[in-house]
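Spelled out, the chains give:
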Amino acid sequence: MSAPELPREDDGEGAAPAGTVPAQGAAPVHEPAAPTPPPPPPASRRALLWERRRRALTGFRREYARNRAGMFGFGALLLFVVVAVAAPLFIDPAGLTVTGAPGGRFEPPSAQYPLGTDAFGRSVLDLVVWGARISLTVGFLATFVCVALGTLVGIVAGHFGGVWSNVLMRITDWFVVLPTLVMAVALAAVMSRSTLTIIIAIGVTCWPTTARLVRAQTIAVEARPYIERARALGGGHTHVMLRHVLPNVTPVILAQTTLIVGESIIMESTLAFLGLGDPSTISWGGILQDARTAGAVSSGIWWYMLPPGVAIAVVALAFTLCGRALEGVFNPRLRERR
């Protein structure tokens, strides 16, 4: 009787079918690994720069949102700007003229005229809303002139130093000593009575404070090591001032801008109240000047003088709150005190 035949191991023959589990102790069957995807290409310099700006902007929004006073000021400013821009949609300009006034003389507040009427029968509410267009425009444009001039003087004086700094700072000190309102009144009285005159008068008299702040910040930035490296690599004066100094002094400029806008609106109202504004335009200061001329104070017509005065105070306060909030965001020391 012959012994049973044992299975022979052949090359490829007698292999376990696909899907079967190998016996215990046998070598595991390795399947081919999936090809690894190629690494992503490195981000470009422009992409990295925009990513850093996006993160900085996100952090700025979060830090600013923590300041409740700053958010209140921003909301009030946004409301005033939206109402001023949309004023032509719900106010008829013909009703703001002396000949086309729809109401009677000095009507008290009512359902038809929530803030009453003026000496010509025009709605005081419509006058205040329409006057926001001129007052805000003058405030923003005068602030732009003031900040641009102050930034230019401050950066040039802080960067070059020496004789240039002494000359520019002595001129700045001369403007600081002179009363700002008196200079603005003198300029507005010499030039023609127009909105452009008010803008120039405010812009060329309010810049010294900005110039002194920017100069001090520029001197601090110029002492940093990367400024020396930029000069060693061949960077000229224009390159250093525009690419390195200006971005670092921008936070101070932004905080100062919000404070100057409120001052510019108050000064525009003061000049218009003194009769130095454009008589053909409607502004908050012009409304107050008309109310004074019409004898609203002595007659007890409070609804003629109170609304434009409140509007000026609220806008000035809103800009001040925004400026303080920006200082808290850009200045870590103020952030720690809070």
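Looking at an unreviewed UniProt entry, the protein carries the name ABC transporter permease, with the source organism given as Nocardiopsis sediminis. Recorded in UniProt under Sequence similarities (unreviewed entry), the annotation for the protein is "Belongs to the binding-protein-dependent transport system permease family."

Engineer: Report on the overall build of the protein, specifying residues and quantitative values.
Structural biologist: A tally of helices and strands in the protein yields 14 helices and 0 strands. In the protein, the succession of α and β elements from N to C terminus is α-α-α-α-α-α-α-α-α-α-α-α-α-α. In the protein, which comprises 338 residues, the share counted as buried stands at 37%. Pairs at least 24 residues apart make up 70% of the contacts formed inside the protein by residues separated by at least 6 positions.

Engineer: Could you give an account of unusual backbone geometry, with specific residues and numbers?
Structural biologist: The backbone phi angle of Phe106 is positive, close to 55 degrees, even though this residue is not glycine. Mapped onto the secondary structure, Phe106 falls in the loop between α3 (87–90) and α4 (124–160). For Phe106, a relative accessible area of 17% translates into the label buried.

Engineer: With reference to specific residues and values, describe the pattern of salt bridges.
Structural biologist: Any two side chains of opposite charge can pair if their charged atoms end up close together. Going through the model one piece at a time under the given rule, you end up with 6 salt bridges. With a closest N to O distance of 2.8 Å, Arg122 and Asp118 form a salt bridge. Neither Arg122 nor Asp118 differs from the other in exposure class; each is buried. A salt bridge links Asp173 to Arg212; the nearest nitrogen and oxygen atoms lie 2.6 Å apart. Taken together, the positions of Asp173 in helix α5 (residues 162–177) and Arg212 in helix α8 (residues 208–222) put the pair 39 residues apart, joining distant regions of the chain. Look at Arg212 and you get partly exposed, because its relative accessible area is 43%.

Engineer: Break down the environment of Pro179 for me, citing the residues and quoting the values.
Structural biologist: Position of Pro179 among the secondary structure elements: in the loop between α5 and α6 (180–190). For Pro179, a relative accessible area of 46% puts it in the partly exposed group. Remark: the alpha-carbon pair of Pro179 and Thr205, spanning 26 residues in sequence, is separated by 8.9 Å.

Engineer: Please provide a residue-by-residue account of the side chain of His244, values included.
Structural biologist: Along the chain, His244 falls in helix α10 (residues 237–273). Looking at His244, its side chain comes within polar contact range of the side chain of His239, at 3.5 Å. Residues in contact with His244, not counting those within four places in the same chain, are Val221, Tyr226, Ile227, Ala230 and His239.

Engineer: Which residues make up the side chain of His159, and what are the values?
Structural biologist: Topologically, His159 is positioned in helix α4. Excluding residues within four positions of it along the chain, His159 makes contact with Thr218, Glu222, Arg231, His237, Val240 and Met241.

Engineer: Kindly report on the environment of Pro208, identifying the contributing residues and their values.
Structural biologist: Here Pro208 lies in helix α8. Remark: the alpha-carbon pair of Pro208 and Trp174, spanning 34 residues in sequence, is separated by 9.1 Å. In contact with Pro208, not counting residues within four places along its chain, are Thr172, Phe175 and Val176.

Engineer: Quick one: what's the story with the nonpolar core, residue by residue and with numbers?
Structural biologist: Counting residues in hydrophobic clusters, the biggest one holds 37 residues, and the most contacted among them are Ile265, Trp284, Ile287, Tyr304 and Val315. Ranked by residues supplied to this core, first place goes to helix α13 (residues 302–330) with 11 residues. Listed in part, the 33 residues of the second largest apolar core include Ala142, Trp207, Val245 and Ile260.

Reading guide: rules and limits
- Counting of residues starts from 1 at the beginning of each chain's written sequence and follows it residue by residue.
- With pLDDT at 70 or above as the cut-off, local features in this predicted model cover only qualifying residues; side-chain atom pairs require 80 or more to be listed or tallied, and sums for whole chains, interfaces and linings still use all residues.
- Side-chain numbers come from the whole structure's heavy atoms, not from hydrogens or water.
- UniProt positions are given in the numbering used here, feature names are shortened, and annotations may be inferred rather than shown by experiment.
- Secondary structure elements follow DSSP: runs of H or I of four or more residues count as helices, runs of E of two or more count as strands, with numbering from the N terminus.
- Note on classification: 1.4 Å probe, protein chains only; a residue is buried when its accessible area is under 20% of the maximum for its type, exposed when over 50%, partly exposed between these limits.
- Residue contacts are counted whenever heavy atoms from the two residues lie within 4.5 Å of one another.
- The term salt bridge refers to a side-chain nitrogen of Lys or Arg lying within 4 Å of a carboxyl oxygen of Asp or Glu.
- In the analysis that follows, any N or O atom pair within 3.5 Å is treated as a polar contact, provided that within protein one partner can donate a hydrogen and the other can accept it, and provided that, for residues neighboring in sequence, both atoms belong to side chains.
- Within this scheme, the nonpolar core is defined by two criteria: the residues are buried Ala, Val, Leu, Ile, Met, Phe, Trp, Tyr or Cys, and they are joined through side-chain atoms within 4.5 Å.

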